Each structure stands twice: as structure tokens, then as C-alpha cells.
Amino acid sequence: MSRHLTKVNIVVKVILAFSILLVMVKHSAASTSYTKRVITLSGGWVTSHVALGDLTGNEIPDLVVGSNDGIIFAYRGDGILLWRYDTGDSAIVSKPAIGDINQDGFNEVVVGIGSTYTPNAPGGVVALSHTGALLWRYVSGDFSGDGVPDGVFASPALADVNGDGYLEIIYGGWDAYVRVLTYSGAVLWERFIRDTIWSSPAVADLDGDGGLDVVIGSDTHFEPAYGTIDGGRLLAFDAADGSTLSGFPINVDEVIWSSPVLTDLDNDGWLDIIVGTGNCWTVPACAVPYNNTHPVTKALYAWDRFGNPLPGWPVILPAYTSASPSVADLTQDGSLEVVVNTSDGYVRVYRADGTPLPGWPVLVTTPAGPGTVVHVPTEASPIMIDLTGDGVLEVIIPSNWEIVVFDRTGAQLTRDQFPSTKWDLSTEHSVHFTPAVGDVDGDGKVELVVGGARTGGTPGAIYIWDFDTDFQSDSSWLYFRLNMHNTAHRMPSPRLKVSSTAINLMCKYGSAATLSFQFEIGSLTHETIDWSSVTPASITLVPGSGQVAETGQSVLATVSVESLPISSTPYSLGNLELYGMVNGVPVVNSPLSIPVRVLVVEEIYHSFLPLLLRNR
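If you're wondering where the values come from, they're calculated on a predicted model, not measured in any experiment.

The rules we used
- Residues numbered from 1 in each chain as written.
- Predicted model: local features only at pLDDT ≥ 70, side-chain atom pairs only at ≥ 80, totals over all residues.
- Heavy atoms only, no water.
- Helix = DSSP H or I, 4+ residues; strand = E, 2+ residues; numbered from the N terminus.
- Rg over C-alpha atoms; globule rule 2.2 N^0.38 Å.
- Buried < 20%, exposed > 50% of the residue type's maximum accessible area, 1.4 Å probe, protein only.
- Contact = heavy atoms within 4.5 Å.
- Areas by Shrake-Rupley, 256 points an atom, 1.4 Å probe, with all protein chains shown as cover.
- Lys, Arg positive; Asp, Glu negative; His and termini not counted.
- Charge placed at Lys NZ, Arg CZ, Asp CG, Glu CD.
- Phe/Tyr/Trp six-rings, centres within 6.5 Å; stacked < 30°, edge-to-face > 60°.
- Lys NZ or Arg CZ within 6 Å of the ring centre and 35° of its normal.
- Pairing = 2+ DSSP bridges.
- Polar contact = N/O pair within 3.5 Å; in protein donor to acceptor, adjacent residues only side chain to side chain.
- Disulfide = S-S within 2.5 Å.

So, about the overall build of the chain. Broken down by element type, the chain carries zero helices and 45 strands. Taken against the 2.2 N^0.38 rule, which gives 25 Å for 616 residues, the C-alpha radius of gyration of the chain at 28 Å falls within 12% of a compact globule. If you line up the chain on its principal axes, its C-alpha atoms span 90 × 70 × 50 Å. Looking at the 616 residues of the chain, the share that counts as buried comes to 54%. In the chain, of all internal contacts separated by at least 6 residues, the share reaching a separation of at least 24 is 58%. As displayed, the chain has an accessible area near 24100 Å², and 54% of this comes from carbon and sulfur atoms. Side-chain charges of the chain comprise 31 positive and 65 negative groups, with the mean position of each set lying 5 Å from the other.

A complete count under the given rule lists 18 aromatic pairs for this structure. Consider the rings of tyrosine 34 and tryptophan 423, whose centres lie 6.4 Å apart with planes at 80°: the pair is edge-to-face. Within this pair, whereas tyrosine 34 is found in strand β2 (residues 32–40), its partner tryptophan 423 is found in the loop between β31 (402–406) and β32 (436–438), the two being separated by 389 residues in sequence. Residue tyrosine 34 is classed as buried on the basis of its relative accessible area, which comes to 2%. A residue is classified by how much of its surface remains accessible, and tryptophan 423, at 3% relative accessible area, is buried. Relative to tyrosine 117, the ring of tryptophan 45 has its centre 5.8 Å away and its plane inclined at 65°; by these criteria the two rings are edge-to-face. With tryptophan 45 in the loop between β2 and β3 (51–53) and tyrosine 117 in the loop between β8 (108–113) and β9 (124–128), the pair connects residues that are 72 residues apart, well separated along the chain. The residues tryptophan 45 and tyrosine 117 share a single accessibility class, namely buried. Among the aromatic side chains, those forming a connected cluster through ring pairs are Phe153, Trp174, Trp198 and Trp257. Cation over ring: arginine 194 sits above tyrosine 226, and NZ or CZ is 3.7 Å from the ring centre. In this arrangement the basic side chain of arginine 481 is found over the ring face of phenylalanine 480, its NZ or CZ atom lying 5.6 Å from the centre.

Moving on: the sheet that holds strand β25 (residues 346–350). Spatially, β23-β24-β25-β26 is the arrangement adopted by the four strands of the open sheet, whose pairing is antiparallel. The open sheet is flanked by β23 (326–328) and β26 (362–363), the only strands paired with a single partner. Note that strand β24 (residues 337–341) and β25 share four bridges and pair antiparallel. Its bridge partner being in β25, valine 340 is matched across the sheet by arginine 348.

In this structure, tyrosine 463 sits in strand β34 (residues 460–470). When the C-alpha atoms of tyrosine 463 and valine 38 are compared, they prove to be 4.7 Å apart, with 425 residues separating the residues in sequence. Among the polar contacts listed, one links the side chain of tyrosine 463 to the backbone oxygen of alanine 453, at a separation of 2.7 Å.

Attention shifts here to the state of the cysteines. If you walk through the whole model with that rule in mind, you get one disulfide. Paired through a disulfide, cysteine 280 and cysteine 286 show a sulfur-sulfur distance of 2.1 Å. The sign of the -100° torsion about the S-S bond sets the cysteine 280-cysteine 286 disulfide as left-handed.

Let's shift gears to the pairing of strand β27 (residues 366–369). Pairing of β27 with strand β28 (residues 372–374), which is carried by three bridges, proceeds in the antiparallel orientation. Following the sheet pairing, proline 367 is matched in β28 by valine 373.

So, in C-alpha cells, the structure goes:
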């Protein structure tokens, strides 16, 4: 059933203006300083998430945003307008996807059209060249039955799903279709899923068969013939042909407006799915037919590639989360944490086992005047990068008129009262959409970018804070949907695996001995790892280096033990150090250190059990 008139958003005015660039004063907090710039748009309020990608071929990311009056803007990081394209009267909340879809050597821009800001305006998907010229426009179907093509609220993803060398466009829309379009805008496949889609797709090889898959959430209503309930569904398809993956779909009792993330949460070498829900089936106007409400589970879900809940999941929440989760290793312990914000104004962080990280959740706080603060929730998603230069990620989220930053312990680094000596990352109007971070001016430093508006809500504006922190992107979550293709998958980091984390041997007192043991070394992910070893002088490995995949390799270790006295505790012979590299880069758990110990005893007794066989 169509719900594209029911999701509540703030109503804004559509007013055009001119484009100027303002440079603001320099600020400092602790040892980190920044300057603020404002790009004023010749169009309405920026209502999309910020996208960054190189449109000019200079390897410096440019800025692409959409506005509530249907205009797509592309700017250089220095504030120079590259182009603007007017799609019509349909507001844009979709994050633009940026990639070279037609293999012409330049990145194109693909954007979903349609929003609750303009619910009766025509929707679809447009593809623009790097110069802003229209390549094609795909017009949505009319699931709502109002005679107008339905909107595409979600952010399209780009991926080569069929191995032809071209990027396809994957998305879901309010017309109740999941579609894959070719680079020329033709339909490769589509699936009618019988209810509206707000969720953006995640794309990766979920089932490990070598081909890409699509994971996306949807609304559902009670249709026994189709196995649906009044709630929502998590769908998973083979991206090449649209066939449904084993273990899916998964029904839940609330809509899934949240967009899924694919990552190896439990460190088993396989991708998992993390997603929130939404807020519909307790709202009379949304629970169609009117007032068909029922109790719902407010939860953050995590499933494995077969659709089984991960241990400790789902996490039951006190408020709903239609925002999309983000993942990063905040604690630098080799495991990922899940970061998500909820409708009660809190930002929450969970370990891989579903337990909350100490120091979290935290309530987002911004000043509303001297002695007054507010806690304004947002449906934007958190992003993470090291803003302070200490090698540790910060969590960044918009709230009210400001960007709010927390360190990994949950301490707020931005102002939480007025006046304040903390960072002031304020704008002139409400900010409701996910910011982005990158090096947009090529100086090697971090720039934080968000779309919004000038005072009064018009004209639109892009706010940029230039930090003096070196830009490091390896472990960060830089923008909504993680990357410029919007695929929202963080591949498992390559890791070595071994069959033994410690080697304990036994030898008889009074003589030197040569002992041997065997263990397996392999790759915890699908990537092949080049491995090598460093051992104490008394230990020899055969082989001492090689290449390993998931299937692993047997290694024989020989240990020479000199005569040692009897002891009730083992003697340490040192550690085996195993190193792993992929394409010349160390894997995350390299080196693996395996302690080798020997226990010296007075006598070793061998017992043998007889084996009896019966002839038949």
C-alpha cells in the first residue's frame, strides 16, 4: 500500500537566490583548528545527503547536492560552480551516486527524484554527465494510483552486477519496484514487491558465490497469499538476475525505512546485514487502512548471510531508528562497532555482540540561547573520521542547526551550551541530512561538508569546515552509504587465521629432545594472503612462508629443547611471529604472535588401548 504521503518531514519554502562564497574566521579547540566557508546556492534548501566525487578528472572530489526545488548542484571544493541541472518540481533527498557508468573516462551522477517535500511531483531516476548534461531519465510507475509517477526517496547504488564492465544502477522506489538499470537507462531486471520502498540498497557478494547481491528494506501489508504481514521486509536478491537468495525475505513487524549495511560484524570472514526499522505501524495515518495500528518492535537488527540473527541481536531500543547504521572500529581492537541514532535524540554504539559500548548512548545537545539547550533528533546517519589527529575516530551527526561531534568515549567535542569554548560547527538553518568528509581542495587536510540553507531557510547553502587535520580515510565512514557508489558494504579486513593460538609441549627430564607439532595457517576472508614468519633460534618452520587462502596450509614446526630441570610450570621458548600481507599491505592482525612453551616432567607414560574388530 502506498505511504508516500505519510512520512512527516519539515515543510520548507522554495526560493531562488544567487551564488556567493563567504570565508569566515578561524576557530580553535584544543589542538585542532578549522576555518568555516559557506557556498550560497542559486536554488532552494539543500535536502539531500552530500556526495563527494571527482567530476573534472583532477583526482580531487567535487561536491554534489540536491535541493527542495529539484535542482542538482555540482561545485568544486573551492566554491566554484561546475554546473546545475533542474529536474523539475520534485524535491531531492536521495544522495547522488557518482561513478563512471558508461566507461567514458569521467564520472557520471545518478540521482533519485522525489520526496515528501513534494509528494505530488513526478519521480524517477536521472543520470547526468560529468558536465551536468542529461544522459537519460527513467520515469517511475504509479503504484499510488494518483496519475503521477511515484518518487524515489532512496539513494541509488552503482555496481557491475553482470560482469559486462559497466556500472548498473540499483534502487527501490515508492512504485513498489526494486530495479536494476543498465548504464543507458534500460531495465536489466525489476521485481514488484507489493509495497513502497524507502530504504536504499546495499550491494556486495553476500553469499560468497563470486557474484554481487542486493539487500534492501521495504514496507509490507497483510497479504497471506504473498506471505506478507503488516510490517516490513528485508529482501535479498542475486544482483545479476533478481532471484531471491536462500533465507530471504525476512518479515518484521515494522517497516524498514532504514538502509542496510553489509559488513563482517562477527569476524567470521562472511558479510552480515545490519539495519534499523522505521515508524509507521503505530501511526494511525500510516497504518493503512487508517488506524490499523499494532504494537511494534523497536530494534536494530543484525543477520548473517543466511538470514539468521547474529548472537546478541536484535538489540531492542527505547525509540525507533529509521536512520541507517554506520560501522567502524572505534575502539581499535580489531572488531567493528555499530553506530546509530534514534528518534529520542540519542546516539548509540554497540559492540559486535550487541552489548552497548561503555560511555554510550549519549544525548545530542545543542545550545538554543544563554542557559537553554535542546536535544533535536535526526534521521541522518552518523559518519566517522579522525578530526583531532590523534589516530582515533570521532562520531559526527547533524542536530538542529549544527554539526555535533563526539569522541569515541561519548564526550561531546562541539558546543553544548552558550557561550562555549568547544567547537562551533553551527549553520544558519536546520540541518537534517548526512554530512560528508574528504579532502575537497587537495591540501591533504580534512574538510567537513554539509548542506543546508542560509538564515530563514533560503537560499540553499553548503557549509565547509577546513580542519588542519591530515586526511586519513582507511578506517573511516566518510559519508551516507559509505562510498561514492552508495553500496554501503565494508568488506571484511583480510586477517590471518591459525589453528592454535598457543603451543604447549611436554618433554622428559634429563636429556635434550627434538619435538614437533603441526598447525594450520590460512586466510579468514576470501582474499589470498602472502605470509612469512620469524621464529626463535630453537624453532624451525617448514614451510616458513607462502601463500594461503581460506582452505589453509599445514605447517610443521620442529623444536630443539636443551636439557632443562623439572618444573611445575612450563618454560617459554619464545613466540612464533606470523606476518601477513595483501598487495604489499599488512593485514589487520599481522603479526600474529603464538607463544611456545614446554613442560619438563620426570617421566612420560604411554598408554595403548586394544582395538577389537568383529568379522561379519
